[in-house]
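Commentary on secondary and tertiary structure
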Amino acid sequence: TTEIDVSGCAEGDTITAIGAGSVYSTSYQMLTGYHEDIYEGQPTTEGIGYATISPATVKAMAQDVTETITVWSDDSITLTDLSVDIPNSWTWSEQEVQLSGSGFPQGTTAEITGGRNIRIRNAAVTDADQGIVAILNLNAPEVGEVSVFRVKTASAGQSLKEISVSPRVTVQGLDKAKLSIEPRI
């Protein structure tokens, strides 16, 4: 009824379909609305690709740090959308992001939302064409910790999902917060 072309599918193929399922005349059926709702393969449960961060070690209370995240994908998959979450323990004085690398061609956009999330659209990140995200003017936490910069990715038509190993920064410093006590007379 939707006139979706399924000529490219054969019995036994693994596909993913988005639609409403129900029983009709004792048989199960799936009703999809558009051709884009059917695609080859299994649905992804986690983001696709990899990311590194540099520097991976900073001193506690370091000011105006630039963290550079490099992202690339698996094999022949092109990532069109990405996001980076800045850890809550970091502050970001002047929110500035710079995109570079062949995976971020002209037309790629970066939007900062909620003061901690960088949303990148219209990318073309592959295993050969990396995307580089420079996050400027960061201030490291006051105490030592391992900070996770959560990276999420998606290919065309998919929703963002966190990659299996998001990059981490080791913050070197005190393991506990400083406590300042002033004597009272």
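Shown above is the structure to which this text applies.
Residues numbered from 1 in each chain as written. Predicted model: local features only at pLDDT ≥ 70, side-chain atom pairs only at ≥ 80, totals over all residues. Heavy atoms only, no water.

1. Considering the overall build of the protein chain
- Scanning the protein chain from terminus to terminus reveals zero helices and 16 strands.
- Buried positions account for 34% of the 185 residues belonging to the protein chain.
- When the accessible area of the protein chain is evaluated, it comes to approximately 11,500 Å², of which 49% is carbon and sulfur surface. (Helix = DSSP H or I, 4+ residues; strand = E, 2+ residues; numbered from the N terminus. Buried < 20%, exposed > 50% of the residue type's maximum accessible area, 1.4 Å probe, protein only. Areas by Shrake-Rupley, 256 points an atom, 1.4 Å probe, with all protein chains shown as cover.)

2. Points about the pairing of strand β16 (residues 168–172)
- The two faces of β16 differ: V169 and V171 on one face are buried, but R168, T170 and Q172 on the other face are not.
- Inspection of the sheet shows strand β6 (residues 57–59) paired to β16 by three bridges, in the parallel sense. For V58, the partnering residue across the bridge sits in β16 and is V171.
- Pairing of strand β13 (residues 145–148) with β16 involves four bridges; the strand directions are antiparallel. (Pairing = 2+ DSSP bridges.)

3. A word on the side chain of N117
- Turning to its location among the elements, N117 is positioned in strand β11 (residues 117–121).
- A distance of 2.5 Å separates polar atoms of two side chains, one belonging to N117 and the other to D85.
- Every residue in contact with N117, bar those within four places of it in the chain, is listed here: S83, V84, D85, E111 and I112. (Polar contact = N/O pair within 3.5 Å; in protein donor to acceptor, adjacent residues only side chain to side chain. Contact = heavy atoms within 4.5 Å.)

4. Brief notes about the pattern of salt bridges
- Under the definition given, this model contains four salt bridges.
- D81 is the partner of R119 in a salt bridge, and the nearest nitrogen-oxygen pair spans 3.1 Å. You can see R119 sitting in strand β11 and its partner D81 sitting in strand β8 (residues 79–85), a full 38 residues away along the chain.
- For R119, a relative accessible area of 18% corresponds to the buried category.
- Measuring nitrogen to oxygen at the nearest pair gives 3.0 Å for the salt bridge that ties E162 to R150. (Salt bridge = Lys/Arg side-chain N within 4 Å of Asp/Glu carboxyl O.)

5. Some points on the nonpolar core
- Counting residues in each nonpolar core, the largest one holds 29 residues, and the members touching the most others are I69, I86, W90, I135, L138 and F149.
- Elements supplying a minimum of two residues to this core: β5 (50–54), β7 (65–72), β8, β11, β12 (131–139) and β16. (Core = buried A, V, L, I, M, F, W, Y, C linked by side-chain atoms within 4.5 Å.)

6. A look at the sheet that holds β13
- A sheet is described by the order of its strands in space; here three strands give the open sequence β6-β16-β13, paired in mixed fashion. Looking along the sheet, the strands with just one partner apiece sit at the ends: β6 and β13. Neighbour-to-neighbour, the strand axes of the sheet open up by a mean angle of 30°, direction not taken into account. (Axes fitted to C-alpha atoms, helices over the stretch in contact; angles between N-to-C directions.)

7. Topic: the sheet that holds β5
- Reading across the sheet, the four strands line up as β5-β7-β12-β9 and stay open at both edges, with antiparallel pairing between neighbours. For this open sheet the edge positions go to β5 and β9 (91–100), each flanked by a neighbour on one side alone. Taking the axes of each pair of neighbouring strands and ignoring which way they run, one obtains an average angle of 20° across the sheet.
- Sheet analysis places β7 next to β12, joined by six bridges and oriented antiparallel. Of the residues in β12, the one forming a bridge with E67 is I135.

8. Comments concerning the side chain of T70
- Summarising the element assignment, T70 is placed in strand β7.
- In contact with T70, other than residues within four places in its own chain, are Y50, A51, T52, Q130, G131 and I132.

9. Looking at the packing of aromatic side chains
- Applying the stated criterion to the full structure yields two aromatic pairs.
- Between W90 and F149, the ring centres sit 5.4 Å apart and the planes meet at 70°, which makes this aromatic pair edge-to-face. With W90 in the loop between β8 and β9 and F149 in the loop between β13 and β14 (150–155), the pair connects residues that are 59 residues apart, well separated along the chain. Per residue, the accessibility class of W90 equals that of F149, and both read buried. (Phe/Tyr/Trp six-rings, centres within 6.5 Å; stacked < 30°, edge-to-face > 60°.)

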